[in-house]
Amino acid sequence: MLPPRLRYVCASFLLSVAAGFSYPQHGKEVGIGSGLSFLEEEKSWVPAVHVHFVRQLHRKFYTGVSFENIYDEHNHGVLSVVFSYRISGLSLSYMPGFYLYGGSGLNHHLEVSYIFEYRRLHVGPFVSASYGKENHYSAGLHMGFPF
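Residues numbered from 1 in each chain as written. Predicted model: local features only at pLDDT ≥ 70, side-chain atom pairs only at ≥ 80, totals over all residues. Heavy atoms only, no water.

**Section: a nonpolar patch on the surface**
So, point 1. A contiguous nonpolar surface patch, about 650 Å² in accessible area, is contributed by Val30, Ile32, Val51, Phe53, Val65, Met143, Phe145 and Phe147.
So, point 2. Of all the secondary-structure elements, those providing two or more residues to the nonpolar patch are β1 (28-39), β2 (44-58) and β9 (136-146).
So, point 3. Within the element layout of this structure, Ile32 appears in strand β1. (Patch = residues over 30% accessible without salt bridge, like charges linked within 9 Å, V, L, I, M, F, W, Y side chains within 5 Å. Areas by Shrake-Rupley, 256 points an atom, 1.4 Å probe, with all protein chains shown as cover. Salt bridge = Lys/Arg side-chain N within 4 Å of Asp/Glu carboxyl O. Helix = DSSP H or I, 4+ residues; strand = E, 2+ residues; numbered from the N terminus.)

Right, here's the structure in full:
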């Protein structure tokens, strides 16, 4: 039997793949990602949430801002600029940022997500890696509201 946290991540991924809906492009999106992060330094899994606003620059290129909060004993918060490339439902993002609290220095965040559209809602799994003074790796479910 899988641990409860790993079951959540696997179930999120399987549900989004099973949905299999088409993905049209939109000009703007407000989104939220919820999942688990593995903190390399502390060797533990903790809940994490990120919110973002992106705007289409040109066809498949997007930019915007993102805020991530990691709910561990230090409560990390990172503010980033988003650079994203989308092809079909696949989204590849690079997000350089800095700690607002719970850490210090610059942070380089890489994320891969797959987005399905269901009733004007973007839903899909994501995995990410964040490198800086404190590295962490995340997986979870993305939900976006395009407009």
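**Section: the packing of aromatic side chains**
So, point 1. With the rule as written, the count across this model stands at 6 aromatic pairs.
So, point 2. Taking the centre distance of 6.0 Å and the plane angle of 75° together, the rings of Tyr131 and Tyr137 count as edge-to-face.
So, point 3. The exposure class assigned to Tyr137 is partly exposed, which follows from its relative accessible area of 26%.
So, point 4. The ring of Tyr62 carries Arg86 above its face, with NZ or CZ at 4.4 Å from the centroid. (Phe/Tyr/Trp six-rings, centres within 6.5 Å; stacked < 30°, edge-to-face > 60°. Buried < 20%, exposed > 50% of the residue type's maximum accessible area, 1.4 Å probe, protein only. Lys NZ or Arg CZ within 6 Å of the ring centre and 35° of its normal.)

**Remarks on the pairing of β1**
So, point 1. One ladder, built from 12 bridges, connects β1 with β2; its direction is antiparallel. Bridge assignment links Leu39 to a residue of β2, and that residue is Ser44.
So, point 2. The antiparallel pairing of β1 with β2 creates a hairpin that spans 4 residues between the two strands, and Lys43 there sits at a positive phi of about 55°.
So, point 3. As judged from the 11 bridges shared by β1 and β9, these two strands associate in the antiparallel manner. Paired with Ile32 across the strands is Met143, a residue of β9. (Pairing = 2+ DSSP bridges.)

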